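Chain residues, written in single-letter form:
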Amino acid sequence: MTDIFTPWRLGRLEIPNRVVRSATWEGMAEPDGTPTQETALLTAGLAEGGVGLIITGFAYVSPHGKALMGQTGAYIDAMVGPLTRISDAVHKSGGLVSIQLVHAGGQTKAAWIGRQPLGPSAMRNPALDQDVEGLSQGQIEDIVEDFALAAARSKAAGFDAVQLHGAHGYLLSQFLSPFTNRREDEYGGDAEGRSRLTWQVYRAVRDAVGPGFPVFIKLNSTDGIEGGLTLEDALICARGLDQAGIDAIEVSGGVPYAGKKSPSRLVKEPAQEGYFLENAKVVKAAVKCPIIVVGGWRSRQRIEEALDQVDAVSICRPLVRQPDLVNQWKAGSREPAQCVSCGGCFATARNGHLACKVLQDKEA
Ligand SMILES: Cc1cc2nc3c(=O)[nH]c(=O)nc-3n(C[C@H](O)[C@H](O)[C@H](O)COP(=O)(O)O)c2cc1C
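Residues numbered from 1 in each chain as written. Predicted model: local features only at pLDDT ≥ 70, side-chain atom pairs only at ≥ 80, totals over all residues. Heavy atoms only, no water.

J.: I tried to follow the packing of aromatic side chains on my own but got confused; where do I start?
T.: For any pair of aromatic rings, the description rests on two quantities: the centre-to-centre distance and the angle between the ring planes. Considering all chains together, one arrives at six aromatic pairs under this definition. Where F179 meets Y257, the ring centres are 5.7 Å apart and the plane angle is 40°; that geometry is what we call tilted. With F179 in the loop between α5 (171-176) and α6 (191-209) and Y257 in the loop between β11 (248-252) and α8 (277-286), this pair connects stretches of sequence that are 78 residues apart. Its relative accessible area of 22% is what places F179 among the partly exposed residues. You can call Y257 partly exposed: its relative accessible area is 22%. Taking the centre distance of 5.0 Å and the plane angle of 70° together, the rings of Y275 and F276 count as edge-to-face. Looking at Y275, the relative accessible area reads 18%, which means it is buried. It is R182 that lies over the ring of F179; its NZ or CZ is 5.6 Å from the centre. (Phe/Tyr/Trp six-rings, centres within 6.5 Å; stacked < 30°, edge-to-face > 60°. Helix = DSSP H or I, 4+ residues; strand = E, 2+ residues; numbered from the N terminus. Buried < 20%, exposed > 50% of the residue type's maximum accessible area, 1.4 Å probe, protein only. Lys NZ or Arg CZ within 6 Å of the ring centre and 35° of its normal.)

Here you go:
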């Protein structure tokens, strides 16, 4: 078994332990995407709690790529100053922080972005009951540039790394999936065509931040739906990214309309922890870069068993409830996380203040 407190590397970054905070939408930003002091404090709290690498909530790269209310933006130069508040606060607390960059594509509402959402192909988004318009080649090129510019801003704002969101049914994941990508041009068709946009975004981001800056991706390994992305397809995308020099892949899965196979699943017993580990092992065998795996980690025992097969694990919901979970384990505790995976924290983010709903209800 590998001890959680064994350092590892993400590109040039030395990370002191194997627990990463997986990206978690905070709902705390101003309506124009400006991150608030509250976002900075929440993120710094995770550094104080001992998390090795913190990934922020997803930040949108263009106004049309906004997915949810209170989401942080990285779409204009004016955000560099406010974004610096987050990186500064984390660094003062001795931590490392990556931004997560996203374009929502067709997984958003016209009412939130002021126009009909844009995705790989014209269709109705089943999760949001929203019509989606197909992107033109010119619009795709603009989005590639939007990612590159947002990455450059993130680097200027002092983040230690940039993570691309290639999971959970957002734009890159929509392109990867044959369920949402029905294009007949070079961006559609076989797994290689469907991976093309993700590869182009990675290369543009790499050019924008330079060769030494850590860039990684959260990638769906399966959509968990009939006619969606398969592990075989995901491997083709992962291999291409690896060959192009990506610094790590965080393996996830699921889309919001996948029911019980959605990204944030229920975990009632240790055997259900790490529900993407089997997929992550297959990705690990296919690439050279480090592999992080997210999804249902609750106990130190299960995490340490997994660390024999992957490089790190990432955690979202348990750290909403216990931001100091890692420090508790460091102090010798073997207690599992208290999180019950109810997903109530999603509703709190919708109300503008990410928190554990179970604790909130107890205190009320
Ligand atoms: C409140 C909330 C916000 C989330 N925000 C994001 C996000 O911004 N980006 C992302 O990639 N995943 C997001 N997720 C998914 C988680 O990062 C993670 O993949 C999933 O919850 C499974 O991990 P867990 O069992 O440790 O919670 C979010 C999940 C929740 C519950």
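J.: Is there a simple way to explain the nonpolar core in this structure?
T.: Across soluble globular proteins, nonpolar side chains have a tendency to be buried as a group. The biggest cluster of nonpolar side chains holds 80 residues, and the ones touching the most others in it are L101, F147, L197 and I249. If we skip the residues at most four places from it in the chain, I249 touches I217, L219, A238, C289, P290, I291 and I292. Membership of the second largest hydrophobic core comes to 14 residues, among which are L13, V20, A248 and I292. (Core = buried A, V, L, I, M, F, W, Y, C linked by side-chain atoms within 4.5 Å. Contact = heavy atoms within 4.5 Å.)

J.: What exactly am I supposed to notice about the pairing of β11 here?
T.: Regular strands show a simple pattern: their side chains alternate between the two faces of the sheet. Where burial is concerned, most of β11 is hidden: five out of the five residues are buried. Of the two faces of β11, the one lined by A248, E250 and S252 and the one lined by I249 and V251 are each fully buried. In the sheet, strand β10 (residues 215-220) pairs with β11 via five bridges, with the strands oriented parallel. Along β11, the bridge assignment pairs K218 with E250. After leaving β10, the chain enters helix α7 (residues 231-244) and then returns to the sheet as β11, a path that is right-handed. Pairing of β11 with strand β12 (residues 291-294), which is carried by three bridges, proceeds in the parallel orientation. Its bridge partner being in β12, E250 is matched across the sheet by I292. In terms of handedness, the path from β11 via α8 over to β12 forms a crossover that is right-handed. (Pairing = 2+ DSSP bridges. Right-handed = clockwise from strand over helix to strand, strands pointing away.)

J.: What's the story with unusual backbone geometry in this structure? I'm lost.
T.: Only a minority of non-glycine residues have a phi that is not negative, and only a minority of peptide bonds are not trans. Look at D129: it is not a glycine, yet its phi comes out positive at around 55°. Secondary-structure assignment places D129 in the loop between β7 (123-125) and β8 (130-134). Relative accessible area serves as the criterion here: at 54%, D129 is assigned to the exposed category. The backbone phi angle of H168 is positive, close to 60°, even though this residue is not glycine. When you line up the elements, H168 lands in the loop between β9 (161-166) and α5.

By themselves, these figures tell us nothing about what the structure is for.
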